[in-house]
Amino acid sequence: MELIKKPVRSYRTIETRETEELFENSIIVPDSKPDVKNLLLVNAECFVTKAEKSGRLLEVGGEIKYRILYVADTPDNRLESITTRFPWSVTCQKPKTEAEVGVVAGCRCQHTEANAVNGRKIVARSVASVVCRFFEIASSDLSQQIEGENIYVKSMPINVVSLRDNLDTVARVGQNLALPHGSPAIGEILYAKVNLGNPEVKYEEDGACLECKGMLNMLYRGDMSDDSVESVVLEFPVKISTGIDPGGENIVLATASLRNWEVEPREDSDGIYTQVSVSMDVEVNAQAVRHEEQQVVEDAYCIDSVINLNRVPLEIVTDERELLENHEANTHVRLDSATGSLDEIYMVVVDKKSMLANISDNMINVQGNIGVDVVYLADRKTKDVRSQAVEVPFNKSLPLPDGDNWQIIDSDCFVEDSGYEIISSDSLDINVKISIRLRLCKCSKYECIESVEEVRRESPSRKAPIMLYFVQPGDTLWSIAKHYRIPPENLARDNNLDPKDIPEVGRKLFIMA
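Residues numbered from 1 in each chain as written. Predicted model: local features only at pLDDT ≥ 70, side-chain atom pairs only at ≥ 80, totals over all residues. Heavy atoms only, no water.

### Observations regarding the overall build of the protein chain
Selection criterion: In this description a helix means any DSSP run of H or I spanning at least four residues, a strand means any run of E spanning at least two, and both kinds are numbered starting from the N terminus. Three exposure classes are used, based on accessible area relative to the maximum for each residue type with a 1.4 Å probe and protein chains only: buried under 20%, partly exposed in between, and exposed over 50%. For this analysis, residues touch if any pair of their heavy atoms sits within 4.5 Å. The Shrake-Rupley method, run with a 1.4 Å probe, gives the accessible areas here. Residue values count only the displayed protein chains as cover. When charges are counted, Lys and Arg are positive and Asp and Glu negative, with His and the chain ends excluded. For charged residues, the charge sits on one atom: NZ in Lys, CZ in Arg, CG in Asp, CD in Glu.
Of regular secondary structure, the protein chain possesses two helices and 21 strands. With respect to the three principal axes, the spread of C-alpha positions in the protein chain is 115 × 45 × 45 Å. Here the protein chain, with 513 residues, has 48% of them falling under the buried criterion. Of the contacts formed within the protein chain by residues at least 6 apart in sequence, a portion of 77% connects residues at least 24 apart. A total accessible area of about 25100 Å² is found for the protein chain, and carbon and sulfur atoms account for 44% of it. Positive and negative charge centroids in the protein chain, built from 57 and 84 side chains respectively, lie 4 Å apart.

### Re the sheet that holds strand β1 (residues 2–28)
Which entries qualify depends on this criterion: Only strands joined by at least two bridges in the DSSP assignment are considered to pair. Every angle, taken between N-to-C directions, lies between 0 and 180 degrees, and every axis is a line fitted to C-alpha atoms, over only the stretch in contact when it is a helix.
Strand order across the open sheet formed by three strands is β1-β6-β5, with antiparallel pairing between neighbours. Lying at the two open borders of the sheet, with one neighbouring strand each, are β1 and β5 (101–118). Mean inter-strand twist for the sheet, computed between neighbouring axes without regard to direction, equals 5°. For β5 and strand β6 (residues 121–147), the ladder comprises 16 bridges, and the chain directions are antiparallel. From the neighbouring strand, Gly102 faces β6, where its bridge partner is Phe135.

### Considering the nonpolar core
Short version of the rule: Among buried residues, the Ala, Val, Leu, Ile, Met, Phe, Trp, Tyr and Cys ones that are joined through side-chain atoms within 4.5 Å form a nonpolar core.
Counting 35 residues, the largest nonpolar core has Leu216, Met218, Val263, Val276, Met280 and Val282 as the members making the most contacts within it. Element by element, the count of residues in this core is highest for strand β13 (residues 275–302), at seven residues. Val282 has contacts with Thr169, Val170, Ala171, Val173, Leu196, Ile240, Ala256, Ser257 and Leu258, leaving out every residue within four places of it along the chain. Within the second largest apolar cluster, 31 residues are counted, among which are Leu342, Val392, Leu400 and Trp406.

### Section: a negative patch on the surface
Selection criterion: Residues with no salt bridge and a relative accessible area higher than 30% make up the patches, which join like charges within 9 Å and nonpolar side chains (Val, Leu, Ile, Met, Phe, Trp, Tyr) within 5 Å. What makes a salt bridge here is a side-chain nitrogen of Lys or Arg within 4 Å of a carboxyl oxygen of Asp or Glu, nothing more.
On the surface, a cluster of negative charge is made up of Asp165, Glu205, Asp206 and Asp245. Tracing the sequence through the fold places Asp206 in the loop between β9 (200–204) and β10 (207–222).

### Concerning a nonpolar patch on the surface
A surface patch of nonpolar side chains, about 380 Å² in accessible area, is lined by Ile466, Leu468, Phe470 and Phe510. Checked against the element boundaries, Phe510 lands in strand β21 (residues 508–512). Using a relative accessible area of 34% as the deciding quantity, one classes Phe510 as partly exposed.

### What to know about the sheet that holds strand β2 (residues 36–54)
Reading across the sheet, the three strands line up as β2-β3-β4 and stay open at both edges, with antiparallel pairing between neighbours. Looking at strand neighbours, the two that pair on one side only are β2 and β4 (79–93), the edges of this open sheet. Each strand of the sheet is rotated relative to its neighbour by a mean of 15°, with strand direction disregarded. As defined by bridge partners, β2 adjoins strand β3 (residues 57–72) across 16 bridges and the pair is classed as antiparallel. By the bridge assignment, Asn38 is partnered in β3 with Val71.

### A closer look at the pattern of salt bridges
Scanning the model with the defined rule gives 35 salt bridges in all. Note that Arg67 and Glu45 form a salt bridge whose closest N and O atoms lie 3.1 Å from each other. Note that Arg67 is positioned in strand β3 and Glu45 in strand β2, a separation of 22 residues in sequence. In terms of burial, Arg67 and Glu45 fall into one category: buried. Between Glu204 and Lys239 there is a salt bridge, and its shortest N-O distance comes to 2.7 Å. In this pair, Glu204 sits in strand β9 while Lys239 sits in strand β11 (residues 229–241), placing the two residues 35 residues apart along the sequence. Look at Lys239 and you get partly exposed, because its relative accessible area is 48%.

### Here's the deal with the packing of aromatic side chains
Heads up, the condition is: Put simply, two rings from Phe, Tyr or Trp (the six-membered ring, in Trp's case) pair if the centres are within 6.5 Å, and we call them stacked under 30 degrees between planes, edge-to-face over 60, tilted for the rest. Only when the NZ of Lys or the CZ of Arg is both within 6 Å of the ring centre and within 35 degrees of the ring normal is a charge said to sit over the ring.
For the structure shown, the criterion picks out six aromatic pairs. Measuring from ring centre to ring centre gives 6.1 Å for Tyr66 and Phe86, while their planes differ by 70°; the resulting arrangement is edge-to-face. With Tyr66 in strand β3 and Phe86 in strand β4, this residue pair connects regions lying 20 residues apart in the sequence. Residues Tyr66 and Phe86 agree in their burial class; the two are buried. Where Tyr469 meets Tyr484, the ring centres are 6.0 Å apart and the plane angle is 75°; that geometry is what we call edge-to-face. In this pair, Tyr469 is assigned in strand β20 (residues 466–470) and Tyr484 in helix α1 (residues 477–484), connecting sequence segments 15 residues apart. The residues Tyr469 and Tyr484 share a single accessibility class, namely buried. Aromatic rings pair up to connect Tyr152, Tyr301 and Trp478 into one cluster. Looking at Lys352, its charged tip hangs above the ring of Phe414, at a distance of 4.8 Å from the centre.

### Looking at the environment of Thr84
With respect to the helices and strands, the residue Thr84 is situated in strand β4. Residues Thr84 and Ser341, 257 residues apart in the sequence, show an inter-C-alpha distance of 34 Å.

### Some remarks on unusual backbone geometry
With a phi close to 55°, Lys383 is a non-glycine residue in the positive phi region. Topologically, Lys383 is positioned in the loop between β16 (363–379) and β17 (384–399). Judged by relative accessible area, which is 40%, Lys383 ranks as partly exposed. Of note, the phi angle at Asn496 is positive, near 55°, even though the residue is not glycine. Secondary-structure assignment places Asn496 in the loop between α2 (488–494) and β21. By relative accessible area, Asn496 is classed as exposed at 72%.

Structure below.
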């Protein structure tokens, strides 16, 4: 007799670890810049550039990039900016498993405090969340059939999510954007912030790609002699190849995260700086998977011999999917001003800060915070420029898909759009549209047949050509046929039953020799 197996390759998240790290850095104002009078914005972004395994340890490292907007200590309270970066590195332990483990690492700044120690030095402290998602790619053998003479097999269907391809790449994406018609040309970019919306998988002839909306929020000094300050919000499409050709009935599950970005002014055809160049390094992590039903051996017996089915526990990914939910967060901001009113809103910058998702009582509970920074001109006569930072909390509850054993293996939120409305002389309402994306996985454990061995040759013994059997609680046609080692279809036929029928307790059955 021969056990026929089918190998199935699977991608399974085995653990997600999130730690908080404190990064403290001293920033020296370049000699070309004037002294700092007041800090307006200190934005910190953490990018992961490496995740290296060494024995039982994992070293995750990258850069923390600071973009600082400040009021200079000059007679005209001139706006100035600084961009600088520092390396960082943390170490954590890998999960205790003998399998080969891969990792997807990310880092997000949750909170940053900065103080100007003096006019030439700024001390910034950032609390960052480092998330490491460990996964394994394993090959499991599913027992599909037992071939041999006078062997009867009972099969059962199971759902399997099989891995067809896995790729982790970094793509360079660039865009040239034109300023809105009528906007002054760029003299100097003072502050910029790039956000990516939720990346959606699109299927094309040459493979799967990710498409999302990019948004640039920029404050710049015009090239005119009056030292005017302008702000623009530019939206642009982003398209990134996953490098995977799914083919057939496969689906692609993918994430995209910024590893770095830069914004620079560009000349138009007339030699005037009315364009900006946005360049981004985007890390794409993608898997092509297929949801399929497999028939596996649940039980078996032989009429002519006693056989032993050796079973081993096997954990299989039986379902995996993404959930996407749109949400709106709103807040009311009252701005401080010496005169009790404000003259102009320079810019409103929105960024995601934190998000946590967990499962409780068949519901997915999501909560997080969106950071909002407002830069405004409080008094035009004195050139009093100020800023105010607020955090907008959001909460959302989503129903779990049908069934149990779901786990959240990845969660993220994306700023899709934002806007504000001035409702009084010193306050405004802010609206932020976000999308919440969750990746869910369901694993089930089975007793899989690893091997079959013949214990001894033995024909079934019967004392009479016909026996009577009364159905007991828990009996099935299969269990009765296996006990007496007769073909199950014969037992059903001799008693005018369908092989799928469940006999009633106490029913009389004929067991034919």
